[in-house]
Amino acid sequence: EEELRVAALEQVRGVPTVTKDGKKINLYANIGNPGNLPQVLANDAEGIGLFRSEFLYLESSDYPTEDQQFEAYKQAAEALDGKTVVIRTLDIGADKKVDYFQLDPEENPAMGMRAIRICLTRVDLFKTQLRALLRASAYGKIAIMFPMIISVWEVQRCKEILNEVRQELDEKGIAYDKDMEIGIMVETPAAAVMSEELAKEVDFFSIGSNDLTQYTLAIDRQQTQLDAFFDPHHPAVLKLIQMTIENGHKAGIWVGICGELGADLTLTETFLRMGVDELSVSPPSVLPLREKVRSLDLSK
């Protein structure tokens, strides 16, 4: 049975991720570091929808330098050879603790100083990462994505800082992709509810379903005793996802899902009917998801 399953999945290697009635989906992979790149290529992903850049910080005993980051991002851009690589700016905090950041202990770190809040508080740290990302964008198709957004002003501030870094690189004559896409993670109810306004500021949305579920249901996703209550299929979560997709499309931007729900084959048809443009999943989930997409006929 296992051999037959593997053989069946091989049938969808190298073919488009498109439904029977012709709807095309971009099927990307999630990775944590450049060491995962061979898996992305071996599983025939069409791009990288989530490069979790915080692993460069988690695997280091001190802040990774601009050059160390640049090399990691450049490696991903070159390996994908012109395909999209969406890199999320650092998402430290909550369950991802790094001692040298010296963050104050918090009663509820999932609600505290994390992700973009650290970057907008420690601008020099943010600029180092943005410089590395911009420099690497000269070597492939990199897109930048900001996590844990809750308001329009945060996105505008991120873009201001990014423009300052661009000017610094221009003054030094350092090349970068001037058309690089900028997006945000939609993983808070606030971002989903404000998606109409946020869509005017960015080129794409990527829905982080894990945190979106946690914050919508007010259940800590690390709290295993509440598994019976933690329902990623909750209608409130699905309504927020649908709202985000609709508001993104109204503004003419693409919308993807990069949380665990993206690989949930019981929801694939639901997401496609909502109009999702991209699904980004762990590398081993790519071929099963492509097989599922190709089995669907949305005209029925």
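One can find the structure itself at the top, above this paragraph.
What counts as what
Residues numbered from 1 in each chain as written. Predicted model: local features only at pLDDT ≥ 70, side-chain atom pairs only at ≥ 80, totals over all residues. Heavy atoms only, no water. Axes fitted to C-alpha atoms, helices over the stretch in contact; angles between N-to-C directions. Helix = DSSP H or I, 4+ residues; strand = E, 2+ residues; numbered from the N terminus. Parallel < 35°, antiparallel > 145°, perpendicular 65-115°, else oblique. Left-handed = near helix turned anticlockwise from the far one by under 90°. Contact = heavy atoms within 4.5 Å. Nonpolar A, V, L, I, M, F, W, Y, C, P; charged D, E, K, R; others polar. 1 Å grid on protein atoms, 1.4 Å probe; cavity = no way out; pocket = protein on both sides within 12 Å on 5 of 7 lines; lining within 4 Å. Points joined across faces, edges and corners; volume = space filled by probe spheres on them. Disulfide = S-S within 2.5 Å. Phe/Tyr/Trp six-rings, centres within 6.5 Å; stacked < 30°, edge-to-face > 60°. Buried < 20%, exposed > 50% of the residue type's maximum accessible area, 1.4 Å probe, protein only. Lys NZ or Arg CZ within 6 Å of the ring centre and 35° of its normal.

(A) Structural detail: the packing of helix 10 (residues 209–217) against helix 11 (residues 235–250). The interhelical angle for the contact between helix 10 and helix 11, taken along N-to-C directions, is 125 degrees, at an axis separation of 9 Å. Overall, the two elements helix 10 and helix 11 adopt an arrangement that is oblique. Crossing of helix 10 over helix 11 shows right-handed handedness. Each of Leu212, Thr213, Thr216 and Leu217 in helix 10 lies in contact with helix 11, whose residues at this interface are Ala236, Val237, Leu240 and Ile241. When its residues are assigned to classes, the contact of helix 10 with helix 11 shows six nonpolar, two polar and no charged.

(B) Spatial organisation of the layout of surface pockets. Considering only enclosed or pocket space, the largest pocket measures out at about 340 Å³ in volume. Contributing to the lining of the largest pocket are 22 residues, with Leu50, Arg52, Asn210, Cys258 and Gly259 lying nearest its centre. Looking at the lining of the largest pocket, the elements that each hand over two or more residues are strand 2 (48–52), helix 10 and strand 8 (278–281). By residue number, the principal contributor to the lining of the largest pocket is helix 10, which donates three residues. Split into classes, the residues belonging to the lining of the largest pocket amount to five nonpolar, eight polar and nine charged.

(C) Summary view of the state of the cysteines. On inspection of all chains with the given rule, the structure shows zero disulfides. Free of any disulfide, cysteine 119 has its nearest cysteine sulfur in cysteine 158, 7.4 Å distant.

(D) Broad picture of the environment of phenylalanine 229. Residue position: phenylalanine 229 is located in the loop between helix 10 and helix 11. Here the alpha-carbon distance between phenylalanine 229 and leucine 217, two residues twelve residues apart in the chain, equals 8.6 Å. Discounting chain neighbours no more than four positions away, the residues touching phenylalanine 229 are Leu217 and Ile219.

(E) The arrangement of the packing of aromatic side chains in detail. Tallying each qualifying case throughout the model produces eight aromatic pairs. Here the aromatic rings of phenylalanine 70 and tyrosine 139 are separated by 5.8 Å at their centres, their planes lie at 65 degrees, and the arrangement is edge-to-face. Of this pair, phenylalanine 70 sits in helix 4 (residues 66–80) while tyrosine 139 sits in the loop between helix 6 (123–136) and strand 4 (141–146), placing them 69 residues apart in sequence. Judged by its relative accessible area of 39%, tyrosine 139 is partly exposed. Between phenylalanine 204 and tryptophan 254 the ring centres are 4.5 Å apart and the planes differ by 5 degrees, which places this aromatic pair in the stacked class. Of this pair, phenylalanine 204 sits in strand 6 (residues 204–207) while tryptophan 254 sits in strand 7 (residues 254–257), placing them 50 residues apart in sequence. No difference in accessibility class separates phenylalanine 204 from tryptophan 254, as the two residues are buried. Site record: aromatic cluster; members linked through ring pairs are Tyr57, Tyr63, Tyr100 and Phe101. Here the basic side chain of lysine 74 rests over the ring of tyrosine 139, its NZ or CZ set 4.9 Å away from the ring centre. Across the ring face of phenylalanine 70, the terminal group of arginine 135 is positioned such that the distance to the ring centre comes to 4.1 Å.

Nothing here speaks to function; it is geometry throughout.
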